[in-house]
Amino acid sequence: MKFSERLLSEFTTIRLGGNSRHFIECGSEDEITEILKYGAENNLSVFVLGGGSNVIFPDEGYQGIVLKVSLKGISFENDIVSVKAGEDWDAFVKTTIENGYAGLECLSGIPGTAGATPVQNVGAYGVEVSNYITEVHAIDRITFEKIIFTSKECGFAYRNSRFKSADKDKYIITEVKFRLMKNGEPVIKYPELEKYLASHINLNTLKGIDKILAIRDAVIRIRINKSMIYDENDPDSHSCGSFFTNPVVNQSVFNEFMSKCAQNHLKPAYFKDGENFKISAAWLIENSGLKKGYTVNGAGISSKHSLALVNRGCSTNDIIDLSNHIKKTVFDNFGILLEMEPILAAYR
Ligand SMILES: Cc1cc2nc3c(=O)[nH]c(=O)nc-3n(C[C@H](O)[C@H](O)[C@H](O)COP(=O)(O)OP(=O)(O)OC[C@H]3O[C@@H](n4cnc5c(N)ncnc54)[C@H](O)[C@@H]3O)c2cc1C
């Protein structure tokens, strides 16, 4: 096993974080187990890193081991498609489409690795990975046992799963299995995407793979316009994507929120989510007076997307300060607490 010293900012899309003296890439399950054992024997905490698109490391760096998961491989068996955790997510989505599978096209362009997608039940344009996941394979970080979770056992919820909540830091995901639709029809159920397709592409002239690829292309174009595709040359994409989840509130909190909106003649953006209400975090931020492009000490709100906090030459502390300022301002205005979506990698 050979650790190297690395600057963690180079491994995250928000480009923040100091050094790690114990950085290592693992390309096999045996290597992962070996590193976990070494961490346990040497009392070193292990942080599991994928593509670094939803994680923020402290300015001081990370004192323990940073284990980058680099397991590779994609295989097809009838309608089941298996992907190893270290595969690039978007490249995997493209491969499934090129092999004639529908299902994941709306999740095109999301940065990061396939293995991280179950962690926060990655979703976009009306689709979540949990709609298609059949199994998640993992290694228990304490017992080193190999475990298979069925989709139901993963505890998927909106931007959440057991891997981000009850069992946070308990498992390393090694492989994910999806049930996709071979020669199936693409799924379009998000108004913004429908609108874009209606004005840009005549889907009736397309079929099969060409139709699914056209939808993938539309999703990517929409995302580029919002800087939601990571691009070294686009400073607005040096983020973790959405920094806050859309708050889900019960009827009584919602009633109070609505009366505050009525007093201020505001028409909020929300939708009903079962018994609860999901309120647009972007709407809350914008209507608290925090506009796109707002920047303090190099930490800013993207000029294209109110939910993305970007590094315009700041430190991790500056981003956290900005995040706290946004949370306080929204709470003072609307009585709603925003929750942070990315993971803060603190040494335990
Ligand atoms: C421009 C941009 C746009 C984005 N758009 C979206 C979007 O539309 N929808 C969405 O849901 N997200 C979005 N994100 C967030 C992010 O891309 C996803 O959460 C992605 O799945 C993170 O993958 P990653 O490999 O980069 O994970 P990392 O950032 O490396 O890690 C994230 C968390 O997952 C854990 N983890 C990573 N790999 C494993 C593994 N193999 N086993 C166990 N735990 C693991 C890490 O320990 C950490 O807690 C966006 C981010 C950016 C920068």
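Cut-offs and rules
Residues numbered from 1 in each chain as written. Predicted model: local features only at pLDDT ≥ 70, side-chain atom pairs only at ≥ 80, totals over all residues. Helix = DSSP H or I, 4+ residues; strand = E, 2+ residues; numbered from the N terminus. Rg over C-alpha atoms; globule rule 2.2 N^0.38 Å. Buried ≥ 20, exposed ≤ 12 C-beta atoms within 10 Å, placed from the backbone. Contact = placed C-beta atoms within 7 Å. Pairing = 2+ DSSP bridges. Near = placed C-beta within 6 Å. Nonpolar A, V, L, I, M, F, W, Y, C, P; charged D, E, K, R; others polar. Core = buried A, V, L, I, M, F, W, Y, C linked by C-beta atoms within 7 Å. Axes fitted to C-alpha atoms, helices over the stretch in contact; angles between N-to-C directions. Parallel < 35°, antiparallel > 145°, perpendicular 65-115°, else oblique. Domains from an automatic or database assignment. Expected span 1.5 Å × (residues − 1). Arc of directions from axis to C-beta.

A few points about the overall build of the protein
So, point 1. Broken down by element type, the protein carries seven helices and 21 strands.
So, point 2. On C-alpha atoms alone, the protein measures out to a radius of gyration of 21 Å, which is about the 20 Å that the 2.2 N^0.38 rule sets for 348 residues.
So, point 3. Across its three principal axes, the protein shows a C-alpha extent of roughly 60 × 50 × 40 Å.
So, point 4. The 348 residues of the protein split such that 42% are buried.
So, point 5. Contacts in the protein between residues at least 24 apart in sequence constitute 64% of all its contacts with a sequence separation of at least 6.

Considering the pairing of strand E3 (residues 46-49)
The side chains of a regular strand alternate, first on one face of the sheet and then on the other.
So, point 1. Side-chain alternation along E3 places Val 46 and Val 48 on one buried face and Phe 47 and Leu 49 on a second face that is also buried.
So, point 2. Examined bridge by bridge, E3 and strand E5 (residues 62-69) share four bridges and lie parallel to one another. Paired with Val 48 across the strands is Leu 67, a residue of E5.

Considering the site of the ligand
So, point 1. Surveying the vicinity of the ligand reveals 32 residues, the closest of which are Gly 50, Gly 51, Gly 112, Gly 115 and Gly 241.
So, point 2. Of all the secondary-structure elements, those providing two or more residues to the shell around the ligand are E3, strand E9 (123-124) and strand E13 (171-179).
So, point 3. A class-by-class count of the residues in the shell around the ligand yields 17 nonpolar, 15 polar and no charged.

Quick look at the sheet that holds strand E19 (residues 299-301)
So, point 1. Pairing within the open sheet is antiparallel, and its three strands lie in the order E18-E19-E20. Either end of the sheet is taken by a strand with one partner, and the two such strands are strand E18 (295-296) and strand E20 (309-311).

Quick look at the nonpolar core
So, point 1. The biggest cluster of nonpolar side chains holds 89 residues, and the ones touching the most others in it are Leu 67 and Leu 107.
So, point 2. Beyond its immediate stretch of four places on either side in the chain, Leu 107 contacts Val 93, Val 122, Ala 124, Val 127 and Val 129.

A closer look at the packing of helix H3 (residues 191-200) against helix H4 (residues 208-225)
So, point 1. At their nearest, the axes of H3 and H4 sit 10 Å apart, and the two run at 110° to each other. In terms of axis orientation, H3 runs roughly perpendicular to H4. For the pair H3 and H4, the contacting residues are Glu 192, Leu 193, Tyr 196, Leu 197 and His 200 in the first and Ala 218, Val 219 and Ile 222 in the second.

Topic: the pairing of E5
So, point 1. Bridging between strand E2 (residues 19-26) and E5 involves six bridges; their strand directions are parallel. Bridge assignment links Glu 25 to a residue of E5, and that residue is Lys 68.

Digging into the environment of Thr 134
So, point 1. Secondary-structure assignment places Thr 134 in strand E11 (residues 133-140).
So, point 2. According to the C-beta neighbour criterion, Thr 134 is partly exposed, with 15 such atoms within 10 Å.
So, point 3. For the pair Thr 134 and Lys 304, spaced 170 residues apart in the sequence, the C-alpha separation amounts to 35 Å.
So, point 4. Residues in contact with Thr 134, not counting those within four places in the same chain, are Ile 80, Ser 151, Lys 177, Phe 178 and Arg 179.

Digging into the sheet that holds E3
So, point 1. Read across the open sheet, the four strands follow the order E1-E2-E5-E3; overall the sheet is mixed. Two strands lie at the open edges of the sheet, namely strand E1 (4-7) and E3, each paired on one side alone. On average, each strand axis in the sheet is inclined to that of its neighbour by 45°, with strand direction left out of account.
So, point 2. Two elements, E1 and E2, share three bridges in a ladder whose sense is antiparallel. Note on E2: the bridge partner recorded for Arg 6 is Ser 20.
So, point 3. Seen against the sheet, helix H1 (residues 29-41) touches E2, E3 and E5 and runs at an angle of roughly 170° to E5.

Here's the deal with the domain arrangement of the protein
So, point 1. Here the domain parsing of the protein yields domain 1 (4-69), domain 2 (74-225) and domain 3 (236-344).
So, point 2. Look at where the C-alpha atoms of domain 1 and domain 3 centre, and you get two points 29 Å apart.
So, point 3. Counting residues at the interface gives twelve residues for domain 1, matched by twelve residues for domain 3.
So, point 4. When the residues that make up the side of domain 1 that touches domain 3 are grouped by side-chain class, the tally is six nonpolar, four polar and two charged.

Describing H1
So, point 1. The first and last C-alpha atoms of H1 sit 18 Å apart over 13 residues, in line with the 18 Å expected at 1.5 Å per residue.
So, point 2. Where H1 is concerned, the buried positions are Ile 32, Ile 35 and Leu 36. The buried residues of H1 occupy an angular sector of 100° when the element is viewed end-on, so they sit on one face. Turned more than 90 degrees off the buried face of H1, the exposed positions are Asp 30, Lys 37 and Glu 41.
So, point 3. Residues of H1 that are buried make contact with E2, E3, E5, E11 and E13.
So, point 4. Of the residues trailing H1, Asn 43 is marked for its positive phi of about 55°.

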